[in-house]
Amino acid sequence: MDSIAEHAGVSKATIYRWWATKEALALDALYYEWTAPRADPPDTGTLRGDLLALLRPWVRVVRTRPYAAVIGTFITKAHTDPAFATEYVARLVRPRRDRARAVFERAIERGEIPAVVKIDVALDLLYGALYHRLLHGHARLTDGFVSDVVDMTLHGATAAAGRPS
């Protein structure tokens, strides 16, 4: 908080007046960097292309800074502070999922995938794999990995859509 106040040319008290905790300040910063209102989700003409155009730029951004530590802190805080959890989901989780959901819904409208595809499950598969690598750091988060995750998710989603529940 000291360095932020110094960089902004204000007192530390001013920073705390606007953000009660470091997590709240970081949440706002990431909100504006990652999910502030943007143009409509990409429309490349295919679901695969749209997902790659949506996910690859985000992966490139998260590779540029120590975002894993920040997200890990957010997740920990969200599990101990219900008010923060609500803000975290509303400002970081839901906007990313909503953009990806729109891509799936557009693919359904085009007839590219069946309407019975479980979009929420597909979103969990996509983001779950990306966040898993980001948070655990056991392997690099690359464009190739994004392609593999998108391909496997789409294959699984369309195969599952053809099966009875």
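Preceding block: the structure.
As for the overall build of the protein chain
Tallying secondary structure elements over the protein chain gives eight helices and zero strands in all. The order of helices and strands in the protein chain, counted from the N terminus, is α-α-α-α-α-α-α-α. A principal-axis box enclosing the C-alpha atoms of the protein chain has dimensions of 60 × 30 × 30 Å. Restricting the contact set of the protein chain to residue pairs at least 6 apart, pairs at least 24 apart contribute 67%. Accessible area for the protein chain stands at about 9500 Å²; split by element, carbon and sulfur atoms hold 57% of it.

Some points on the environment of Y88
Tracing the backbone through its elements, the reader meets Y88 in helix 6 (residues 82-110). As a C-alpha pair, Y88 and I15 span 73 residues in sequence and 20 Å in three-dimensional space.

Let's talk about the packing of helix 7 (residues 119-136) against helix 8 (residues 143-161)
Look at helix 7 against helix 8: their axes get within 9 Å of each other, and the N-to-C directions meet at 155°. Judged on the interaxial angle alone, helix 8 and helix 7 are roughly antiparallel. By crossing handedness, the relation of helix 7 to helix 8 is classed as right-handed. In this structure, helix 7 uses A122, L125, L126, A129, L130 and R133 to contact helix 8, whose residues at the interface are F145, V146, V149, V150 and T153. Per-class residue counts for the contact of helix 7 with helix 8 are nine nonpolar, one polar and one charged.

Some thoughts on the packing of helix 4 (residues 47-62) against helix 7
Running from N to C, helix 4 and helix 7 point in directions that differ by 15°, and their axes come no closer than 12 Å. Comparing the axis directions of helix 4 and helix 7 gives the class roughly parallel. For the pair helix 4 and helix 7, the crossing hand works out as right-handed. From helix 4, L51, L54, L55, W58, V59 and V62 reach across to helix 7, where they touch L126, Y127, L130, Y131 and L134. Per-class residue counts for the contact of helix 4 with helix 7 are eleven nonpolar, no polar and no charged.

Some points on the pattern of salt bridges
Taken as a whole and judged by the stated rule, the model has 13 salt bridges. Across the pair D151 and R48 runs a salt bridge, and its minimum N-O distance is 2.5 Å. One end of the pair, D151, is in helix 8; the other, R48, is in helix 4, and 103 residues separate them in sequence. By relative accessible area, R48 is classed as partly exposed at 36%. Residues D50 and R110 are paired through a salt bridge, measuring 3.7 Å at the closest nitrogen-oxygen approach.

Quick notes on the rules
- Residues numbered from 1 in each chain as written.
- Predicted model: local features only at pLDDT ≥ 70, side-chain atom pairs only at ≥ 80, totals over all residues.
- Heavy atoms only, no water.
- Helix = DSSP H or I, 4+ residues; strand = E, 2+ residues; numbered from the N terminus.
- Contact = heavy atoms within 4.5 Å.
- Areas by Shrake-Rupley, 256 points an atom, 1.4 Å probe, with all protein chains shown as cover.
- Axes fitted to C-alpha atoms, helices over the stretch in contact; angles between N-to-C directions.
- Parallel < 35°, antiparallel > 145°, perpendicular 65-115°, else oblique.
- Left-handed = near helix turned anticlockwise from the far one by under 90°.
- Nonpolar A, V, L, I, M, F, W, Y, C, P; charged D, E, K, R; others polar.
- Salt bridge = Lys/Arg side-chain N within 4 Å of Asp/Glu carboxyl O.
- Buried < 20%, exposed > 50% of the residue type's maximum accessible area, 1.4 Å probe, protein only.

Taken by themselves, the reported measurements are silent on function.
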